[in-house]
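Results of the structural survey
Next come the chains, spelled out residue by residue.
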Amino acid sequence: MKPINVGLLGLGTVGGGTLTVLRRNQAEITRRAGRAILVKMAAVRDLSKAQQLYAGEDIKITTNPLEVVENPEIDIVVELIGGTDQAKALVLKAIANGKHVVTANKALLAMHGNEIFAAAQAKGVMVAFEAAVAGGIPIIKAVREGLSANRIEWVAGIINGTTNFILTEMRDKGLAFDTVLAEAQRLGYAESDPTFDIEGVDAAHKLTILAAIAFGIPMQFDKAYTEGISNLTKEDIQYAEELGYRIKLLGITKRVAQGIELRVHPTLIPTKRLIANVEGVMNAVLVKGDAVGATLYYGRGAGAEPTASAVVADLVDVTRMHTADPEHRVPHLAFQPDALSDEPILPMSEVRTAYYLRMRAFDKPGVLADITRILADMEISIDAMIQKEPDEGQEQVDIIMLTHVTVEKNVNQAINKIEGLSTISGKVTRLRLETLG
Ligand code: NDP
Ligand code: HSE
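Residues numbered from 1 in each chain as written. Chains lettered and ligands numbered in written order. Predicted model: local features only at pLDDT ≥ 70, side-chain atom pairs only at ≥ 80, totals over all residues. Heavy atoms only, no water.

Quick notes on helix α11 (residues 201–215)
In an α-helix, one turn spans 3.6 residues; hence positions three or four apart end up facing the same way. In plain terms, the rule: Secondary structure elements follow DSSP: runs of H or I no shorter than four residues count as helices, runs of E no shorter than two count as strands, and numbering proceeds from the N terminus. A helix's residues, less one, multiplied by 1.5 Å, set its expected span. Think of it in three bands: with a 1.4 Å probe and only protein chains considered, a residue is buried below 20% of the maximum accessible area for its type, exposed above 50%, and partly exposed in between.
Across its 15 residues, α11 extends 21 Å between first and last C-alpha, which sits within 8% of the 21 Å expected from 1.5 Å per residue. Of all 15 residues in α11, 15 are buried; the element is thus mostly enclosed. In the segment just after α11, G216 is the residue with positive phi, at about 65°.

Next up, the structure:
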């Protein structure tokens, strides 16, 4: 059968990995897809670097990505350049030209997915994006197809390898933040703008996609709450461990009576949970369905070949399905496009969860009573508490409290009042806690 022709936009970490995996496993991939998948063209910025790296390969390399999306011989365009402006224009152009698209670009889909999927739907082409969430873990396929019998209740995941790598290396090896970040960049895990990783933006992009396919809602990245790891201190990591918890940057989306929670933040989770022990660049996603219960998906969330594994799986899917009637393909967002739900995304102030509060207090009689009175007035119940002994010559002590589940706006008010006490020094540290039971 005639091979399927692929054009790559980008030959960097993921583009290079895709080429390597396609080459190495060509025979098996052809047996699965039913025809050969051939990379015919690739676009890069630095022509001489790519020509040196891929000398002797039968691939036309260009610095003009439009040449790829305009080439009538190309059946599938694989977008791996990253960013949102040029990538969006190229993807829309490819769709308009009747080409199927595979992309690993979560930023693009979280921000412009609604428009891109509508254009693809109208044109009868597929946009596949397994690599956009959790790298090599086939989580899109699992949620969109494997769990389609379920009413999904919540999804919680470690979906950024760079920050999980940083948290792990800092805790285990005592390495400095910058040293570990530089290593993540060297290994090709980090985004071109690493603040996307560190500040939780990349995880929020991925969570936006997961929420869309879990609940059948449009992409609403602008409504996601995003908090990264840059303000985490080693004291909080240590205190959490003493209390039996580990801090992970989690993406959480939950369906509750009032709407949908969509939030990324450092989260205390019980150390005994499997997901608390997901270390390094590994990702893991917990999905709770009403019929199946909790399911856990684990694997490499970044890097050349793990991500290529997902890109190539999409290429195989598109190759198998491209002759099928477009009306009978798996819908992009798991639910039929005319059956998407308008359930609102809840503001963070309405989210209900448990909390870790750390405050620095003068070691005087009545301090604790003042704090607990404020919490009681806001109907916040304390679950556990530790007070540290003051260091030699110090008048101040750390007080750490875990609360039961409560609504965030009450915690915010309580924190304001506690910070106003004359016996409290500085800001109260507030982290969220999920038992994931
Ligand atoms: P890289 O920076 O390693 O590679 C980007 C590639 O795109 C390079 O070959 C670059 O060319 C090329 N490129 C960039 N802009 C242009 C342009 N305007 N015209 C032509 N070529 C261009 O990125 P990654 O491979 O790491 O990431 C690609 C995408 O995959 C991103 O969306 C990223 O978020 C996503 N992703 C990455 C993962 C990872 O582990 N790295 C994992 C999952 C998703 P040149 O080399 O000449 O500069
Ligand atoms: N920068 C991302 C991460 C790449 O660290 O997880 C994978 O999407």
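From this point, things continue past the structure.
Here's the deal with the pairing of strand β11 (residues 282–289)
The line we're drawing: Here, strands pair whenever DSSP counts at least two bridges between them.
With seven of eight residues buried, β11 is to be regarded as a mostly interior element. Looking at chain direction, strand β7 (residues 152–158) and β11 are connected through six bridges and run antiparallel. Its bridge partner lying in β11, G157 is registered against V285. Here β11 runs beside strand β12 (residues 293–300); their pairing, made up of eight bridges, is antiparallel.

Comments concerning the pairing of strand β17 (residues 424–433)
Bridge count between strand β10 (residues 259–270) and β17: two bridges; the pairing is parallel. Note that in β17 the partner of T267 across the bridge is R432. Pairing between strand β13 (residues 352–362) and β17: seven bridges, direction antiparallel. When the sheet's bridge partners are listed, Y356 is paired in β17 with L431.

Description of the site of ligand 2
For clarity, the threshold we go by: A molecule or strand has a residue near it when one of that residue's heavy atoms lies within 4 Å. Under the rule applied, a polar contact is a pair of N or O atoms within 3.5 Å (in protein, one hydrogen donor and one hydrogen acceptor; residues adjacent in sequence only if both atoms are side-chain atoms). Only the protein chains shown count as cover for residues, with accessible areas throughout obtained via the Shrake-Rupley method and a probe of 1.4 Å. Each cavity reported here is a set of points on a 1 Å grid over the protein atoms alone in which a 1.4 Å probe fits but cannot get out, each pocket an open set with protein on both sides within 12 Å along at least five of seven lines, and each lining residue one with an atom within 4 Å of a point. Those molecules having more than half of their atoms within 2 Å of a cavity or pocket grid point set are described as sitting in that cavity or pocket.
Lining the immediate environment of ligand 2, one finds K106, N160, G161, T162, Y189, A190, E191, D197, D202, K206, G301 and A302. One of the side-chain nitrogen or oxygen atoms of K106 is found 2.5 Å away from an oxygen atom of ligand 2. Within the side chain of E191, an N or O atom sits 2.7 Å from a nitrogen atom of ligand 2. Protein coverage of the free-state accessible area of ligand 2, which is 250 Å², stands at 93%. Comparing atom positions with the cavity grids shows ligand 2 to sit within the largest pocket. Contributions of two or more residues to the shell around ligand 2 are made by α8 (161–173) and α11.

Side note on the packing of helix α14 (residues 367–377) against helix α15 (residues 408–419)
Heads up, the rule is: Fitted lines through C-alpha atoms serve as axes, helices being fitted only where they are in contact, and the angles separating the N-to-C directions of these axes extend from 0 to 180 degrees. Here the word oblique covers every angle except those under 35 degrees (roughly parallel), over 145 (roughly antiparallel) and from 65 to 115 (roughly perpendicular). Helix crossings are classified by the rotation of the near helix relative to the far one: an anticlockwise turn of less than a right angle makes the crossing left-handed, while a clockwise turn makes it right-handed. In what follows, a contact means two residues having at least one pair of non-hydrogen atoms within 4.5 Å. Any residue outside Ala, Val, Leu, Ile, Met, Phe, Trp, Tyr, Cys, Pro, Asp, Glu, Lys and Arg is labelled polar, Gly included; the first ten of those are nonpolar and the last four are charged.
Two elements in contact, α14 and α15, have axes separated by 9 Å at closest approach and are oriented at 155°. One way to sum up the angle between α14 and α15 is to call them roughly antiparallel. As α14 runs across α15, the sense of the crossing is right-handed. Within the contact between the two elements, α14 uses I371, I374 and L375 and α15 uses A414, K417 and I418. Looking at the contact of α14 with α15 residue by residue, the class counts come to five nonpolar, no polar and one charged.

Some points on the environment of L340
Counting through the fold element by element, L340 comes out in the loop between α13 (304–321) and β13. In this structure the C-alpha to C-alpha distance between L340 and Y189, which are 151 residues apart in sequence, comes to 33 Å. Dropping the residues within four chain positions of it, L340 is found in contact with G216, I217, P218, L333 and F335.

Notes on the domain arrangement of the chain
Under the convention used in this document: Residue ranges for the domains originate in an automatic or database domain assignment.
The assigned domain composition of the chain is domain 1 (4–137 + 304–337), domain 2 (139–300) and domain 3 (351–433). Domain 1 and domain 3 are separated by 51 Å when their C-alpha centres are compared.

What about empty space enclosed by the protein?
If you roll a probe as big as a water molecule over the atoms, it shows you where there is empty space left. Convention followed: Grid points are joined across faces, edges and corners, and a volume is the space filled by probe spheres set on the points.
The full count for this structure, using the stated rule, is two cavities of 30 Å³ or more. The calculated volume of the largest cavity comes to roughly 50 Å³. The wall of the largest cavity is formed by L167, R171, I237, E241, R246, I247 and K248. Mapped by element, the contributors of at least two residues to the lining of the largest cavity are α8, α12 (234–242) and β9 (245–256).

Some details on the pattern of salt bridges
The condition that has to hold: By definition, a salt bridge exists where a carboxyl oxygen of Asp or Glu is found within 4 Å of a side-chain nitrogen of Lys or Arg.
Taken as a whole and assessed by the stated rule, the structure comprises 34 salt bridges. A salt bridge links E28 to R32; the shortest N-O distance between them is 4.0 Å. On the criterion of helical spacing, the pair formed by E28 and R32 is a turn pair, its members being four residues apart in helix α2 (residues 26–33). Exposure remark for E28: the relative accessible area of 42% places this residue in the partly exposed category. Salt bridges sharing partners connect three or more residues here, namely R171, D172, E241, R246, K248 and E279.

Points about the site of ligand 1
Taken together, 24 residues lie near ligand 1, and L11, D46, Q86, E191 and G303 sit nearest. Relative to its unbound accessible area of 910 Å², ligand 1 is 86% covered by the protein chains. Class assignment for the residues of the shell around ligand 1 results in ten nonpolar, nine polar and five charged.

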